[in-house]
Amino acid sequence: MNYQECLDYLDQASKFGIKLGLENIRTLLSELGSPESSFPSVIIAGTNGKGSVCAMVQSCLERHGFRVGLYTSPHLVKIEERIRINRTLIPEEAFCKLLNLVREKEEALRKKGKLSFPPTYFEILTCAGFLYFAREKVDIAVLEVGMGGRLDATNVVNPLVSVITTVSLDHQEYLGRTKAMIAAEKAGVIKPGTPVVCGQFSPAAKKVIEAKAIELQAPVIRVFGRGKWARERQSSSTYIFYHKQQKYVYRPGLIGEHQGRNAAIAIVALDVLSERWKPLDKQKIIAGIENVVWEGRLEKVCENPGVYLDGAHNEEGAKAVRRFWEEKPAESRVLVFAILKDKNVRKVARQLFPLSRRVILTSIPSSRAARPEEVLAATSSLNPRITIEPDPRKALQLGIKEAGPKGTVLVTGSLYLVGEIKRALQGG
């Protein structure tokens, strides 16, 4: 397959939808030589913040001179963003070769009746990522769980440390209706005897996760509690954070108060790695936190007006963005918004719509997208000034005009929308 044929192959696989389970991925990886067993790893699950924590852990390890495999999802503009070594995306040629190999093996297995159903889009990419990291002999891989944890394709590794960032309501049709049920799925990344770093949870989620850790005799490292961390606002969008007991200070390179909490989770995970893997230098860890780059998370892409892109797609994510958004002058806030229809549209909108001088509803190229008219019907009571502009590029232009040179435009609701806007800004 050439590059376009590889993309077509993945597009065809995406039509099989989401199938949680490990039987297929294990069979396929075994046929590929079990590449996932050839490198140490960190696995990071959670409803929100897991991508940012992955980026921070990778950034800190790179500062130490390691070759770090980074596997994340979804991508914004190019599919190769999902598979990187340090900050370098997998080359198109290598990507194609690996997908050709995966296709060859999965077709052979299906002919033999050894695969119960064709591999999904995510399973194919996970195999490609693991193969690439194995062939390139990475020192360690940082793996972001796609959905849940227990049955996610990434959860075939035996990591040095497992991380669970947050637990809130999202993907309920797959993971369960309550936080406790979702926590049980995310707790699936906990392995026997392997430390698990825990972020912020509700009491119900905490109980489930800690019970699973006790069952598996996995040490629990709680990041927060007992006055460990303090913060001080440095400017309208940046904060200084302190660890009270160890007396160190850091200023996250990513915008927003919530990124300070994500950084704390990353630092604690790296402390565990320092004990279980190789000694790490605290100053290099802080430098990695302060210089991390992770697109689409309150990413500022324009000035005059300031344009920020964020993928907040659930209530907790929207709350985090709202805290940043509230600090902007009320008369200058303009929101460009699109979301998938399987999300709780009104709960997300309730966090952001009332703060905005104008809301511009747009669309995203996905069969799962909510139509702007559907969003309007669900949210019209939250803001009297809602406009529909189906074309994301025109919606951004309208938002910039509405905000004026001293205003701010927030583009959010879905990482799919962030990707569309980034393509537009890059001239794609």
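This is a predicted model, so every value here is computed, not measured.

## Quick notes on the overall build of the protein chain
Of the regular secondary structure elements, the protein chain holds 15 helices and 17 strands. Here the C-alpha radius of gyration of the protein chain, 21 Å, is about what a compact globule of 428 residues would show, namely 22 Å. Each principal axis of the C-alpha atoms in the protein chain carries an extent, and together these give about 60 × 55 × 40 Å. Long-range contacts, defined here as pairs at least 24 residues apart, represent 74% of the contacts in the protein chain between residues at least 6 apart. Averaging the positions of the 63 positive and the 46 negative side-chain charges in the protein chain gives two centres separated by 4 Å.

## Considering the pattern of salt bridges
A side chain with one charge may pair with a side chain of the opposite charge, provided their charged atoms come close. Under the criterion given, the structure shown has 23 salt bridges. When the shortest N-O distance is used, the salt bridge between Glu-373 and Arg-371 registers 3.5 Å. Under the relative-accessibility criterion, Glu-373 is labelled partly exposed at 38%. Connected through shared salt-bridge partners, Arg-357, Arg-358, Arg-385 and Glu-402 make up one network.

## Examining the sheet that holds strand β3 (residues 83-85)
Strand order across the open sheet formed by eight strands is β4-β3-β2-β5-β1-β6-β7-β8, with mixed pairing between neighbours. Because the sheet does not close on itself, it has two edges, and the strands there are β4 (88-89) and β8 (220-222). Of the strand pairs in this sheet, strand β1 (residues 41-45) and strand β6 (residues 161-166) are connected by four bridges, and their pairing is parallel. Each residue of the ladder has a partner; that of Ile-44, found in β6, is Val-163.

## Comments concerning the packing of aromatic side chains
In total, this model carries eight aromatic pairs according to the counting rule given. Aromatic side chains Phe-66 and Trp-277 sit 4.8 Å apart centroid to centroid with 50 degrees between the ring planes, which places their arrangement in the tilted category. In this pair, Phe-66 is assigned in the loop between α3 (50-63) and β2 (68-71) and Trp-277 in the loop between α9 (257-276) and α10 (282-290), connecting sequence segments 211 residues apart. Assessed through its relative accessible area of 13%, Phe-66 is described here as buried.

## A few points about helix α7 (residues 179-186)
Owing to its 3.6 residues per turn, the α-helix brings residues three or four apart onto one side. Every buried residue belonging to α7 is among Ile-182, Ala-183, Glu-185 and Lys-186, and all of these are buried. The arc that holds the buried residues of α7, viewed along the axis, is 155 degrees, so those residues lie on one side.

## What to know about the environment of Val-68
Within the fold, Val-68 resides in strand β2. Exposure remark for Val-68: the relative accessible area of 0% places this residue in the buried category. Leaving out residues up to four positions away in the same chain, Val-68 has contacts with Gln-58, Leu-61, Glu-62, Arg-84, Ile-85, Asn-86, Ile-140 and Val-142.

## A closer look at the nonpolar core
By size, the foremost hydrophobic cluster in this structure holds 56 residues, and its most contacted members are Phe-133, Ile-190 and Ile-209. Looking at which element gives the most residues to this core, the answer is helix α5 (residues 121-135), with nine residues. Among all residues touching Phe-133, those that are not within four sequence positions of it are Phe-39, Gly-69, Leu-70, Tyr-71, Ile-83, Arg-84, Ile-85, Val-138, Ala-141 and Leu-143. Formed by 39 residues, the second largest nonpolar core is a distinct cluster that contains Val-142, Val-223, Leu-270 and Ile-285.

## Re the packing of helix α14 (residues 392-403) against helix α15 (residues 415-425)
Viewed as axis vectors pointing N to C, α14 and α15 meet at an angle of 80 degrees, and their least axial separation amounts to 9 Å. Here α14 is positioned roughly perpendicular relative to α15, judged by the angle of their axes. Contacts between α14 and α15 pair Pro-392, Arg-393 and Leu-396 from the former with Leu-417, Glu-420, Ile-421, Arg-423, Ala-424 and Leu-425 from the latter. Its residues placed into classes, the contact of α14 with α15 shows six nonpolar, no polar and three charged.

## A word on the layout of surface pockets
If you add up the space inside the second largest pocket, you get close to 320 Å³. Lining the second largest pocket we find 21 residues, and of these Arg-84, Leu-89, Val-293, Trp-294 and Glu-295 sit closest to its centre. At three residues, α3 tops the list of elements feeding residues into the lining of the second largest pocket. Each residue belonging to the lining of the second largest pocket can be placed in one class, and the counts come to nine nonpolar, six polar and six charged.

## Notes on the environment of Glu-373
Positionally, Glu-373 belongs in helix α13 (residues 372-379). Measuring from C-alpha to C-alpha, the distance between Glu-373 and Leu-361 comes to 8.3 Å, with 12 residues separating the pair along the chain.

## Focus on the sheet that holds strand β14 (residues 333-337)
Pairing between the strands of a sheet is mediated by backbone hydrogen bonds and can be parallel or antiparallel. One open sheet accounts for six strands, arranged β12-β13-β17-β14-β15-β16; its pairing is mixed. Since the sheet does not close on itself, it has two edges, and those belong to β12 (299-302) and β16 (386-388), each with one partner. The average angle at which neighbouring strand axes cross in this sheet is 25 degrees, direction not considered. With four bridges connecting them, β14 and strand β15 (residues 358-361) associate as parallel partners. Looking across to β15, one finds that Leu-335 is bridged to Val-359. Across the face of the sheet, α13 comes into contact with β14, β15 and β16 while running at roughly 165 degrees to β16.

## Some words on unusual backbone geometry
Of all residues except glycine, most have a negative phi; of all peptide bonds, most are trans. The residue after Ser-73, namely Pro-74, is reached through a cis peptide bond having omega -10 degrees. Note that Pro-74 resides in the loop between β2 and β3. Cis peptide bonds are those with omega within 30 degrees of zero, and the linkage from Asn-304 to Pro-305 qualifies with 5 degrees. Mapped onto the secondary structure, Pro-305 falls in the loop between β12 and β13 (306-309). The phi angle at Asn-86 is positive, at roughly 55 degrees, despite the residue not being glycine. Of note, Asn-86 is situated in the loop between β3 and β4. The class for Asn-86 is buried, based on a relative accessible area of 14%.

Calculation criteria
Each chain has its residues counted from 1, following the order in which its sequence is written. The predicted nature of this model means local features are confined to residues of pLDDT at least 70 and side-chain atom pairs, given and counted, to a pLDDT of 80 or more, with totals for whole chains, interfaces and linings taken over all residues. Note that water and hydrogens are dropped before the side-chain values are worked out from all heavy atoms of the structure. Each helix is a run of DSSP H or I of at least 4 residues and each strand a run of E of at least 2, with the numbering of both proceeding from the N terminus. Computation of the radius of gyration draws on C-alpha atoms alone. For the globule rule, the value is 2.2 Å times the number of residues to the power 0.38. The contact criterion used is simple: two residues touch if any of their non-hydrogen atoms lie within 4.5 Å. In this count, Lys and Arg are taken as positive residues and Asp and Glu as negative ones, while His and the chain termini are left out. To locate a charge, take NZ of a lysine, CZ of an arginine, CG of an aspartate or CD of a glutamate. A side-chain nitrogen of Lys or Arg and a carboxyl oxygen of Asp or Glu constitute a salt bridge if their distance falls within 4 Å. Whether a residue is buried, partly exposed or exposed follows from its accessible area with a 1.4 Å probe, protein chains only, as a fraction of its type maximum: under 20%, in between, or over 50%, in that order. Here a strand pair is declared whenever DSSP counts at least two bridges between the two strands. Each aromatic pair joins two rings of Phe, Tyr and Trp (for Trp, the six-membered one) with centres within 6.5 Å, and gets the label stacked for planes under 30 degrees apart, edge-to-face for over 60, and tilted for any other angle. Arc, as used here, means the arc of the directions from the helix axis to the C-beta atoms. Here, nonpolar core means buried Ala, Val, Leu, Ile, Met, Phe, Trp, Tyr and Cys residues that are tied together by side-chain atoms lying within 4.5 Å of each other. Axis definition: a line fitted to C-alpha atoms, over the contacting stretch in the case of helices. Angles run 0 to 180 degrees between N-to-C directions. Roughly parallel means an angle under 35 degrees; roughly antiparallel means over 145; roughly perpendicular covers 65 to 115; every other angle is labelled oblique. Three categories are distinguished: nonpolar for Ala, Val, Leu, Ile, Met, Phe, Trp, Tyr, Cys and Pro, charged for Asp, Glu, Lys and Arg, and polar for the others, with Gly belonging to the last. Using a grid of 1 Å spacing that covers the protein atoms alone, one calls a set of points a cavity when a 1.4 Å probe fits there but cannot get out, and a pocket when the set is open and has protein on both sides within 12 Å along at least five of seven lines; lining residues are those with an atom within 4 Å of a point. Grid points are joined across faces, edges and corners, and a volume is the space filled by probe spheres set on the points.

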